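Chain by chain, the residues:
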Protein chains: 2
Amino acid sequence: MNKKENFINKLRSSGLRPTRQRIEICKVLYDRKKTFHFTIDTLSKILRKKSKERISLATIYNTVYAFKNKNYLKEITLNTNKTYFDTNVTSHHHFLDENSNRLIDLKNSDVGKVKIKRKIPGKKIKSIEILVRISD
Amino acid sequence: MNKKENFINKLRSSGLRPTRQRIEICKVLYDRKKTFHFTIDTLSKILRKKSKERISLATIYNTVYAFKNKNYLKEITLNTNKTYFDTNVTSHHHFLDENSNRLIDLKNSDVGKVKIKRKIPGKKIKSIEILVRISD
DNA sequence: ACACTACTTTAGAATCATTATAAAGTAGTT
DNA sequence: AACTACTTTATAATGATTCTAAAGTAGTGT
Ligand SMILES: [Mn+2]
Ligand SMILES: [Mn+2]
Ligand SMILES: [Zn+2]
Ligand SMILES: [Zn+2]
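Residues numbered from 1 in each chain as written. Chains lettered and ligands numbered in written order. Predicted model: local features only at pLDDT ≥ 70, side-chain atom pairs only at ≥ 80, totals over all residues. Heavy atoms only, no water.

K.L.:
Explanation requested: unusual backbone geometry in the structure shown.
P.N.:
Keep in mind that most residues, glycine aside, have a negative phi and that most peptide bonds are trans. The backbone of Asn71(A) shows a phi angle near 65°, a positive value even though the residue is not glycine. By the secondary structure assignment, Asn71(A) is in the loop between helix H4 (57–69) and strand S2 (74–76). (Helix = DSSP H or I, 4+ residues; strand = E, 2+ residues; numbered from the N terminus.)

Pasting the structure below:
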């Protein structure tokens, strides 16, 4: 299993010890083809199902925020009481399906160039992100 | 005082009884020139300062959500633990100043036309909103 | 292999924004 | 004034998140 070694190397080179718990979390987060949008709660449920490790909720919180600080995860802004995270850490746009409350990544090529004409003196633009709400 | 009568009429015609508390809240929210972006907490502090009515926190919550349901307020999505509201209920874009965590409305004319090229089968676009993060 | 230390995990408690409850108060109506 | 549905309020409950401190472990050096 090559991927596990990759996770271990990535963690070590980030100054994070490759613990059993972190490796299991890496598998769930990064061993997949598409972007993963999740809450702590959904991640926790998946871990209970897919991993034989029993990982405490505190560790899941610790790990997710550790990964966020290393820029391996991005926090996402939504109108819910739970915090969302995104394995796609690039600046990108989303569809939000209001029926299922699911996020779908838009590629930059899916969106025409966005032009912001107004400037705020002394301020620089850090990111431009679009949320497109969709429903049936 | 003409504005107070306006608030009373607006409330009554919305099926909301014009109570002392609701009128005080209307004054803080709508008796101003520019869009107001706020949390329950900031609204509560302003009410304590500006109004001699002592309005319970429960009533502030009740009223804000009543106004939101009548489409007199809009809930806003931000990376914080508190819920934000906006007196500008139209679909519009924002600057978010990451230093002060303040929102600034963008006029539609401040933003070039946004083109979403991708379609999701069976889904319709409800709104397109841009968040432009800025900082020093 | 062993000891050492800093990092990590964990159960459980604490925090705090929000929501629910139910009793007292009030607006609108007759 | 009496009536009733709506509203306010103190207070409790909820639930996501954060904190605490004790037990466990990875990496390092011997
Ligand atoms: Mn929220
Ligand atoms: Mn949030
Ligand atoms: Zn995404
Ligand atoms: Zn706004």
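Moving on, there is more to tell.
K.L.:
Sorry, what's going on with the interface of chain A and chain B here?
P.N.:
Accessible area lost upon the coming together of the parts serves often as the stated size of an interface. In this assembly, 38 residues from chain A lie in contact with 38 residues from chain B. Between chain A and chain B, the buried area comes to about 3,300 Å², and carbon and sulfur atoms account for 52% of it. Put simply, chain A and chain B have 6 salt bridges between them. Between Lys123(B) and Asp97(A) there is a salt bridge, with the nearest N and O atoms lying 2.8 Å from each other. Run the count over chain A and chain B and you get 22 residue pairs in polar contact (both at pLDDT 80 or more). Put simply, the parts of the chain that give the side of chain A that touches chain B at least two residues each are S2, strand S4 (93–97), strand S5 (102–106) and strand S6 (124–135) of chain A. Here the residues of the side of chain A that touches chain B sort into 15 nonpolar, 8 polar and 15 charged. Of the strand pairs in this sheet, S6(A) and strand S6 (residues 124–135) of chain B are connected by 11 bridges, and their pairing is antiparallel. Looking across to S6(B), one finds that Ile130(A) is bridged to Ile130(B). (Contact = heavy atoms within 4.5 Å. Buried area = accessible area lost by both parts, 1.4 Å probe. Salt bridge = Lys/Arg side-chain N within 4 Å of Asp/Glu carboxyl O. Polar contact = N/O pair within 3.5 Å; in protein donor to acceptor, adjacent residues only side chain to side chain. Nonpolar A, V, L, I, M, F, W, Y, C, P; charged D, E, K, R; others polar. Pairing = 2+ DSSP bridges.)

K.L.:
When you look at the relation of the copies chain A and chain B in this model, what are you seeing that I'm missing?
P.N.:
Here the two chain copies are tied together by a rotation about an axis and a shift along that axis. It takes a turn of 180° to lay chain A on chain B, together with a shift of 0.0 Å along the axis; the resulting RMSD is 0.0 Å. Expressed as an axis order, the relation between the two copies is that of a two-fold axis. Residues of chain A ranked by C-alpha distance from the rotation axis are headed by Ile130(A), positioned 2.2 Å from it. Same-surface contact between copies: 100% of interface residues of chain A are shared with the interface of chain B. (Least-squares fit on C-alpha atoms with pLDDT ≥ 70 in both.)

K.L.:
Just to check I follow, could you spell out the coordination of the zinc ion (ligand 4) for this structure?
P.N.:
Geometry reference: four tetrahedral donors at a metal, ideal angle 109.5 degrees. Six octahedral donors, ideal angles 90 or 180 degrees. Residues and elements named next belong to chain B. Of the protein atoms, only His37 (NE2), Asp86 (OD), His92 (NE2), His94 (NE2) and Asp105 (OD) coordinate the zinc ion (ligand 4), at distances of 2.0 to 2.2 Å. In primary-sequence terms, the residues that donate to the zinc ion (ligand 4) follow H-x48-D-x5-H-x1-H-x10-D. His92 gets classed as buried once you look at its relative accessible area, which sits at 2%. (Donors = N, O, S within 2.8 Å, 3.2 Å for Na, K, Ca; no water. Buried < 20%, exposed > 50% of the residue type's maximum accessible area, 1.4 Å probe, protein only.)

K.L.:
It is not clear to me how the protein's contact with DNA strand C should be interpreted in this structure. Could you clarify?
P.N.:
Neighbouring residues of DNA strand C: 19 residues in total, closest Thr19(A), Gln21(A), Arg22(A), Thr59(A) and Tyr61(B). Within the side chain of Gln21(A), a nitrogen or oxygen atom sits 2.8 Å from a sugar or linking oxygen of DNA strand C. Residue Arg22(A) places a side-chain N or O atom 2.6 Å away from a phosphate oxygen belonging to DNA strand C. Breaking the surface near DNA strand C down by element, the ones donating at least two residues are helix H2 (20–30) and H4 of chain A together with helix H4 (57–69) of chain B. For the surface near DNA strand C, the element with the highest residue contribution is H4(A), accounting for 3 residues. The residue inventory of the surface near DNA strand C, partitioned by class, reads 6 nonpolar, 7 polar and 6 charged. (Near = heavy atom within 4 Å.)

K.L.:
I keep staring at the sheet that holds strand S2 (residues 74–76) of chain B and nothing clicks. Help me out?
P.N.:
Across a sheet, paired strands are connected by hydrogen bonds in the backbone, their directions being either parallel or antiparallel. Residues and elements named next belong to chain B. One open sheet accounts for 3 strands, arranged S1-S3-S2; its pairing is antiparallel. The two strands at the open ends of the sheet, each matched to only one other strand, are strand S1 (37–39) and S2. Strand-to-strand twist across the sheet, computed as the mean angle between neighbouring axes with direction ignored, equals 40°. Inspection of the sheet shows S1 paired to strand S3 (residues 84–86) by 3 bridges, in the antiparallel sense. Looking at the pairing, Thr39 lines up with Tyr84 of S3. Seen against the sheet, H4 touches S1, S2 and S3 and runs at an angle of roughly 50° to S3. (Axes fitted to C-alpha atoms, helices over the stretch in contact; angles between N-to-C directions.)

Read these as spatial facts, not as claims about activity.
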